[in-house]
Amino acid sequence: MPRGRYSLHDPHDHTPLGEEHFHCAPGPSGWRYVAQTTTPSGEHAGSVDLATDELGRPIRLELHAAGWRVRGAALDGVTWVRTDPAAAEATEGNVPAHTFTGASPAFLVATARLLRLTPGAPAVRLRVVALTPPVLAPRTLDQSWALLKSEAHATDNGPLSVDEYQVTDLDTGEQRPVHLAGDVVLAAPGIELEDLQSPPSVFPPPDDTARTGD
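My aim in this report is to walk through the structure given alongside it, one point at a time.

Describing the overall build of the protein chain
Right, so step 1: A tally of regular secondary structure across the protein chain gives one helix and 15 strands.
Right, so step 2: Against the globule reference of 17 Å for 214 residues, the protein chain gives a C-alpha radius of gyration of 17 Å, in line with a compact fold.
Right, so step 3: The C-alpha extent of the protein chain, read off along each of the three principal axes, is 50 × 40 × 40 Å.
Right, so step 4: Taken over 214 residues, the protein chain has a buried fraction of 43%.
Right, so step 5: Once local pairs closer than 6 in sequence are excluded, the contacts in the protein chain between residues at least 24 apart make up 41%.

Re the environment of Ala65
Right, so step 1: Inspection of the secondary structure assignment puts Ala65 in strand β5 (residues 58–65).
Right, so step 2: Judged by its relative accessible area of 9%, Ala65 is buried.
Right, so step 3: C-alpha of Ala65 to C-alpha of Gly46: the two residues are 19 residues apart in sequence and 4.4 Å apart in space.
Right, so step 4: Other than its neighbours up to four places away in sequence, Ala65 contacts Ala45, Gly46, Pro133, Pro134 and Leu136.

A closer look at the layout of surface pockets
Right, so step 1: Considering only enclosed or pocket space, the largest pocket measures out at about 1,100 Å³ in volume.
Right, so step 2: Residue lining of the largest pocket: 42 residues in total, with Pro11, Gly102, Ala103, Thr132 and Pro133 positioned closest to the centre.
Right, so step 3: If you tally residues by element for the lining of the largest pocket, the top one is strand β2 (residues 16–27), at four residues.
Right, so step 4: Classifying every residue of the lining of the largest pocket by side-chain character gives 20 nonpolar, 15 polar and seven charged.

Cut-offs and rules
Residues numbered from 1 in each chain as written. Predicted model: local features only at pLDDT ≥ 70, side-chain atom pairs only at ≥ 80, totals over all residues. Heavy atoms only, no water. Helix = DSSP H or I, 4+ residues; strand = E, 2+ residues; numbered from the N terminus. Rg over C-alpha atoms; globule rule 2.2 N^0.38 Å. Buried < 20%, exposed > 50% of the residue type's maximum accessible area, 1.4 Å probe, protein only. Contact = heavy atoms within 4.5 Å. 1 Å grid on protein atoms, 1.4 Å probe; cavity = no way out; pocket = protein on both sides within 12 Å on 5 of 7 lines; lining within 4 Å. Points joined across faces, edges and corners; volume = space filled by probe spheres on them. Nonpolar A, V, L, I, M, F, W, Y, C, P; charged D, E, K, R; others polar.

Put into structure tokens, the structure is as follows:
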């Protein structure tokens, strides 16, 4: 069970945004990621609890940030309920999207698992609902993902396969590299792996046919 700590910062000006202390593990029915987030001063800032099924679809998501709470799942696209800090109102949403995204590294792992791309295959387009701190307001956007290459690196625990993705925001054209090893993000814009207490979990190899955003 990987357990560790990510540091989060603004990908443009590198302003520190805090840390995410996480543990995650695959199971017989999918994968789960649980984390607590802190501010740059070390104060509690929120939490992440994401569970996906064996196909990578989000079957349960709960986010907390600045008193806001979002619960969501893949249902008729993706569906969510967002509650304000006073717990006075709850708003529901549903859009024909493929999955969620946000500030947590968990979303990068979950999306890669959902797509199951092969190196060198054409980029895949998908629609996602972004939920970002501090207020977790939902925003629908389109991305494309491509797996550029997969390389094995020698470690004390044996070979470690590292996948390099290129993620493109189709609204702005902005591209960003994402490096994953199993269910751990090694590096991505705004994300640095600072501590890892056990090796990443290895997912089963992808099917011959990559998933598409159709």
